[in-house]
Structures are given as structure tokens and as C-alpha cells.
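The residues making up each chain are set out below.
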Amino acid sequence: MAYERKVIDISEVEKQLEICRSLRGRICEEGRQPLAMVDTYGCQQNEADSEKLRGYLAEMGCGFTQDEFEADIIVINTCAVREHAEMRVLGNVGALNHSKKNKPRQIIAVCGCMVQQQHMADKVKMSYPVVDLCFGPHELWRFPEHLKRYLDKHKRVFETSQQDGCVIEGMPLKRDGKVKAWLSIMYGCNNFCTYCVVPYVRGRERSRQPEDIIREARQLVEEGYKDITLLGQNVNSYGKDLGLDVDFADLIRMINDIPGDFLIRFMTSHPKDATEKLFKTMAECEKCAHQLHLPVQAGNNTILKRMNRSYTREKYLELVKLARSYMPDLVITTDIIVGFPDESDEQFEDTISLCEEVRYDGMFTFIYSKRVGTPAASMPDPYTRAQKQLHFDKLMDVSNRISGEKHKEYEGKTLRVLVDGTTGKDEYNLSSRTNGGRLVHLKGDESLVGQFVDVEITSSNNWALYGVVKTTP
Ligand code: 5AD
Ligand code: SF4
């Protein structure tokens with residue numbers, strides 16, 4: 001598909017920053033600091049987008065709150081991947097009637113993938129008068145301009161028709177934590193899996209220039225971040241649109257060369273583009289975590305074909321074998337959809353047998369959700385929700401059992417983990433992650449947050465590991 005990679009000139013972003021500064025004192029006019037609340041649904045890409053929204057809001061002089069009754073401006077960053085997330089958003093947006101009644105000048109914005117779909121933008125416009133501003137992911141970088149227009153004219157602003165995405169550098173970012181950071185390396189998706197709405201709402205794949213990514217990674221390391229997750233809908237196709245001689249494996253190697261003690265993770269990898277070069281690079285780069293999120297979606301070839309996934313069950317299993325031959329300790333997780341249109345009991349059993357064969361460390365399982373405008377939405381689907389639920393429950397049981405068994409294998413071992421936060425609980429007050437990304441609860445001093453420590457794993461359950469600190473740095 002012909003697609004022109006559009007890059008926004010940095011001066012355009014500077015204009016948005018100027019607008020931010022001009023809005024200081026206009027979000028609340030009571031001579032105090034305005035408070036903003038940003039609520040995020042969906043994937044890590046959305047989390048990363050929300051950090052940009054917060055960056056702009058901070059430039060406007062806002063502080064932050066989680067309380068909608070206290071907020072002067074509320075931004076809801078939405079997801080469109082499944083109907084359930086959309087229903088939750090609409091329910092929560094509807095409930096904002098109460099906070100706005102209390103605070104009539106409260107500004108309510110809804111942005112992100114859900115409202116990039118015209119039918120959802122129309123629904124918000126017609127049925128949710130509480131919403132003042134609405135914009136899709138391609139308009140996020142112009143949020144200050146849209147907010148100014150709303151404040152100048154006091155007329156609702158709906159900017160959801162822009163179809164093409166671009167690459168934008170220089171937006172301010174207000175990151176969530178001090179230990180782990182998201183780093184977007186590309187945007188959009190070209191794969192058009194038949195169930196998925198993402199390519200329609202996030203546009204075609206476009207990669208950031210390697211030097212911009214390296215600069216951001218270097219800055220993160222200098223700021224003390226220890227765990228950097230490279231983000232993209234399909235990171236394995238990084239660089240294909242750039243016409244440079246740099247692919248995703250090369251990018252990992254370049255980030256690995258940045259001096260410092262930190263971990264590189266990434267997601268998501270499409271199996272059709274995962275290469276031996278990638279696995280070899282992961283094995284050779286000491287900072288690259290031995291963790292691979294490799295969504296399989298289904299274990300039956302007919303279903304995979306109808307999903308337009310471009311690989312077979314056999315090819316996928318070979319890929320897993322190849323990855324494990326380079327990294328025997330590789331932690332592999334996956335996404336699975338049950339109840340894809342017309343998936344029979346026998347076809348579903350192929351998913352179960354694939355999971356038993358791979359033995360995933362963790363699985364994210366979803367019941368198929370019909371998405372307007374996708375090819376799967378018009379495929380015949382004779383199975384009932386109740387039948388799909390049975391499959392889903394069976395898969396969850398398999399997933400939990402395998403995770404539990406794999407977790408048990410950690411018991412008695414000593415591992416290096418990164419302490420990434422506190423839990424607020426007495427017994428295990430710290431949370432940490434293994435190199436492969438498994439959750440480990442620990443007891444220890446809060447000063448360990450942000451540090452790598454050796455821990456002995458003492459117990460486990462289906463969801464997490466528990467350990468004691470052996471050595472501190
Ligand atoms: N229904 C259910 N799950 C979906 N996903 C994407 N689209 C749908 C859908 N229409 C799942 C896939 C993907 C994950 C992010 O969400 O498993 O990998
Ligand atoms: Fe959706 Fe498939 Fe693209 Fe993932 S690779 S975002 S599932 S279309």
C-alpha cells in the first residue's frame with residue numbers, strides 16, 4: 001500500500017508548546033494551580049501517549065490528580081481493541097456528569113483509538129454532551145491547539161477525521177515512574193489481521209529515525225531509568241519504511257552499546273517477522289532481557305489463515321524452538337483469541353495443544369470481540385457467547401496451571417531482579433521483575449527501589465514469585 005512517511009517539523013511542535021504557555025492561567029481562573037487527570041485505557045502505546053498528554057498539561061502549568069471531582073481538566077485516552085474497553089470508557093464518561101455538575105468549568109476531553117472510529121466519535125457527540133473535546137491519535141500532538149480553540153470559543157471541538165499518522169519528535173513527556181520507561185520506536189500497523197481495528201485507527205507503520213531513538217534511550221539511562229521497553233505494534237518490522245540499513249536487531253545492538261546498567265525489553269513481536277538474527281542479537285546483547293511476547297492468537301491453521309496471520313502453527317512452533325536454542329532461559333508470553341468467528345471445538349483444541357507444547361510463561365487471553373469495519377465482523381459466527389466462554393475458561397485453566405508449574409521451577413534459585421516499586425503491603429512490601437519479566441514480591445528496604453539485587457525465590461503461585469534479598473548492591 002502506497003504510504004508517504006510524513007514527518008512533522010520541530011517548529012510545529014514548538015508552536016504547540018507556545019500555545020501551552022499561553023494557556024497558563026486559563027484552565028482555571030481562580031489564581032491557583034490547575035489540576036489535570038489523565039485516565040488511560042488499553043495498551044502500552046496508549047500509556048506512552050498519555051505521558052505526552054501529561055507533558056503538554058505540565059507545560060500548561062497543571063499539577064496532577066486521580067480524583068475526577070478535584071480535576072479542572074480530565075483527559076480520557078481510550079482503546080478500541082475490544083468492545084469491553086469501549087463500554088467501560090462510555091460508562092466512565094457518562095459518570096463524569098457528576099463531577100462536572102460540581103465544577104461547571106471542568107474541561108472533559110476524550111481522545112485515542114476509540115474516537116478515531118467515526119461511529120464512536122458520533123456517538124460521543126450525540127449522547128455525551130459532557131464531553132467538550134474529542135480527538136483521535138493522529139491529532140494528539142495538536143492537543144494544545146484544540147484546547148485553545150475550545151477555551152477561546154467555548155464551543156465543542158471534535159477532531160477525529162484525520163486519517164494519516166505522522167512521526168513527531170520533540171514533544172514534552174511526563175513519565176510515570178523513575179525505574180521503568182516506555183520508548184516508542186514506531187507507530188501504526190500494516191498487518192490487517194482480520195479481527196483487529198488497530199490498522200484502521202493508528203494508521204500505517206512508520207518508524208522513528210534510529211538517532212532519535214538512541215538519543216532518547218541515552219537520556220533515559222542518564223536520568224537513571226533501569227528498564228526500557230521499546231514499543232511498537234510490530235517492532236520486528238522496525239525500519240522497513242526508512243530506507244536505511246537498520247533493522248530491529250540492529251537497533252537493539254545500538255541501544256545495548258549505550259554505557260550503563262539497564263535492561264532492554266520490547267513489545268510486540270509479530271511471528272511472521274521474527275528472525276534468527278533477532279534471537280541471536282538478543283542472546284548476544286547482555287542488556288537485552290530474555291523475554292519475548294510472541295502473540296500466536298490461535299493454534300489451528302484454518303483459523304490462523306482466516307485471521308490473516310501469515311504463519312502456520314508448524315512455523316510458529318519452529319520459531320519458538322529456534323528462539324529457545326539461542327536463549328534456553330527465554331521467557332515467552334503470548335496473546336490468544338478464543339471464539340474467532342466459526343472456531344469449532346476441534347479447532348479450539350488445537351490452541352490448547354499448542355499451549356501445552358510451547359508451555360508459555362504467561363498468556364493474555366481474550367474472547368473475540370466484533371469490530372466495526374474489520375473483515376472478521378462479516379464472517380459467519382454460529383457459536384454462542386456461552387460456548388466461547390467455556391473455551392475461554394478452559395484456556396485460562398491451562399494458562400494458570402502452566403504458569404504455576406513454571407513458577408515452581410524458580411523455587412530455590414537465586415536470581416538478579418530489578419526492584420521497581422512498593423506494594424503498600426506489610427509482608428512483601430517491594431515488587432520486582434526478573435530478567436524475563438516475571439513478577440517477584442520481596443521484603444526489604446524501600447531504598448532498594450531502582451536497584452538490581454540478587455534474590456532467592458522461596459515460594460510461588462500461578463501469578464507471581466516470592467523471594468528474599470540475598471545481596472544488596
Ligand atoms: N477481539 C479480541 N481480541 C482482540 N485483540 C485484538 N483485536 C481483538 C478483537 N477484535 C487481541 C489480540 C492482540 C491483543 C492486543 O488484543 O490478541 O494481540
Ligand atoms: Fe492488530 Fe495484527 Fe496489527 Fe497486532 S499485528 S495491531 S493484532 S493488526
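Residues numbered from 1 in each chain as written. Chains lettered and ligands numbered in written order. Predicted model: local features only at pLDDT ≥ 70, side-chain atom pairs only at ≥ 80, totals over all residues. Heavy atoms only, no water.

What follows covers the site of ligand 1. Close contacts around ligand 1 come from Val81, Arg82, Tyr195, Gln297, Asp335, Ile337, Phe366, Ile367, Tyr368, Ser369 and Arg371, and that covers them all. Contact distances for ligand 1 include 2.9 Å between an oxygen atom and a side-chain N or O atom of Arg82. If you list the elements that add at least two residues to the shell around ligand 1, you get β15 (331–338) and β16 (362–367). In terms of residue class, the shell around ligand 1 is made up of six nonpolar, two polar and three charged. (Near = heavy atom within 4 Å. Polar contact = N/O pair within 3.5 Å; in protein donor to acceptor, adjacent residues only side chain to side chain. Helix = DSSP H or I, 4+ residues; strand = E, 2+ residues; numbered from the N terminus. Nonpolar A, V, L, I, M, F, W, Y, C, P; charged D, E, K, R; others polar.)

Turning our attention to the packing of aromatic side chains. Counted under the stated rule, the structure contains seven aromatic pairs. Between Tyr195 and Phe340, the aromatic rings sit 6.4 Å apart at their centres with planes inclined by 85°, giving edge-to-face as the arrangement. Residue Tyr195 is found in the loop between β10 (186–187) and α7 (198–202), and its partner Phe340 is found in the loop between β15 and α13 (345–358); the two are separated by 145 residues along the sequence. The exposure class assigned to Phe340 is buried, which follows from its relative accessible area of 1%. A ring pair is formed by Tyr311 and Tyr316, whose centres lie 6.0 Å apart and whose planes are at 35°; its orientation type is tilted. (Phe/Tyr/Trp six-rings, centres within 6.5 Å; stacked < 30°, edge-to-face > 60°. Buried < 20%, exposed > 50% of the residue type's maximum accessible area, 1.4 Å probe, protein only.)

Turning to the domain arrangement of the chain, a few remarks are in order. Domain assignment breaks the chain into domain 1 (7–159), domain 2 (179–408) and domain 3 (414–469). When each unit is reduced to the centre of its C-alpha atoms, the spacing between domain 1 and domain 3 is 36 Å. (Domains from an automatic or database assignment.)

Looking now at unusual backbone geometry. Residues Met267 and Thr268 are joined by a peptide bond in cis, for which omega reads 5°. For Phe192, which is not glycine, the phi dihedral falls at a positive 50°. Its place among the elements puts Phe192 in the loop between β10 and α7. A positive phi angle, near 55°, is found at Arg359, a position not held by glycine. Here Arg359 is to be found in the loop between α13 and β16. Looking at Arg359, the relative accessible area reads 24%, which means it is partly exposed.

Our next topic: the nonpolar core. Among the nonpolar cores identified, the biggest contains 69 residues, and Ile185, Phe248, Ile255 and Phe266 are the most heavily contacted of them. Ignoring sequence-local partners within four residues, the contact set of Ile255 consists of Ile213, Ile214, Ala217, Leu230, Phe262 and Ile264. (Core = buried A, V, L, I, M, F, W, Y, C linked by side-chain atoms within 4.5 Å. Contact = heavy atoms within 4.5 Å.)

Turning next to the environment of Pro380. With respect to the helices and strands, the residue Pro380 is situated in the loop between β16 and α14 (385–408). Residues Pro380 and Pro341, 39 residues apart in the sequence, show an inter-C-alpha distance of 6.2 Å. Setting aside its immediate chain neighbours within four residues, Pro380 contacts Pro341 and Asp342.

Glancing now at the sheet that holds strand β7 (residues 157–159). Here we have six strands laid out as an open sheet, ordered β3-β2-β4-β5-β6-β7, and parallel in their pairing. Of all strands in the sheet, those bounded by a partner on one side alone are β3 (63–64) and β7. Both strand β4 (residues 73–78) and strand β5 (residues 107–112) contribute to a ladder of six bridges, which runs parallel. Bridge pairing in β5 links Thr78 to Gly112. (Pairing = 2+ DSSP bridges.)

Further remarks concern the site of ligand 2. Around ligand 2, the neighbouring residues are Cys189, Asn191, Phe192, Cys193, Tyr195, Cys196, Val198, Pro199, Gln233, His270 and Arg309. For the shell around ligand 2, the residue count by class is seven nonpolar, three polar and one charged.

All right, on to helix α6 (residues 143–153) then. Because each turn of an α-helix spans 3.6 residues, side chains separated by three or four positions end up pointing in the same direction. Phe143, Pro144, His146, Leu147, Tyr150 and Leu151 are the residues of α6 that are buried. The buried residues of α6 occupy an angular sector of 165° when the element is viewed end-on, so they sit on one face. Of the surrounding elements, those touching the buried residues of α6 are α1 (10–22), α2 (44–59), β4, β5, β6 (133–135) and β7. Taken from the residues just after α6, His154 is the one with a positive phi, measuring 50°. (Arc of directions from axis to C-beta.)

Another point: the packing of helix α10 (residues 276–284) against helix α12 (residues 313–326). As a packed pair, α10 and α12 sit with axes 9 Å apart at the nearest point and diverge in direction by 25°. When the axes of α10 and α12 are compared, the pair comes out roughly parallel. Crossing handedness for the pair α10 and α12: right-handed. Contacts from Glu276, Phe279, Lys280 and Ala283 of α10 reach α12 at Leu319, Leu322, Ala323 and Tyr326. Looking at the contact of α10 with α12, its residues break down into six nonpolar, no polar and two charged. (Axes fitted to C-alpha atoms, helices over the stretch in contact; angles between N-to-C directions. Parallel < 35°, antiparallel > 145°, perpendicular 65-115°, else oblique. Left-handed = near helix turned anticlockwise from the far one by under 90°.)

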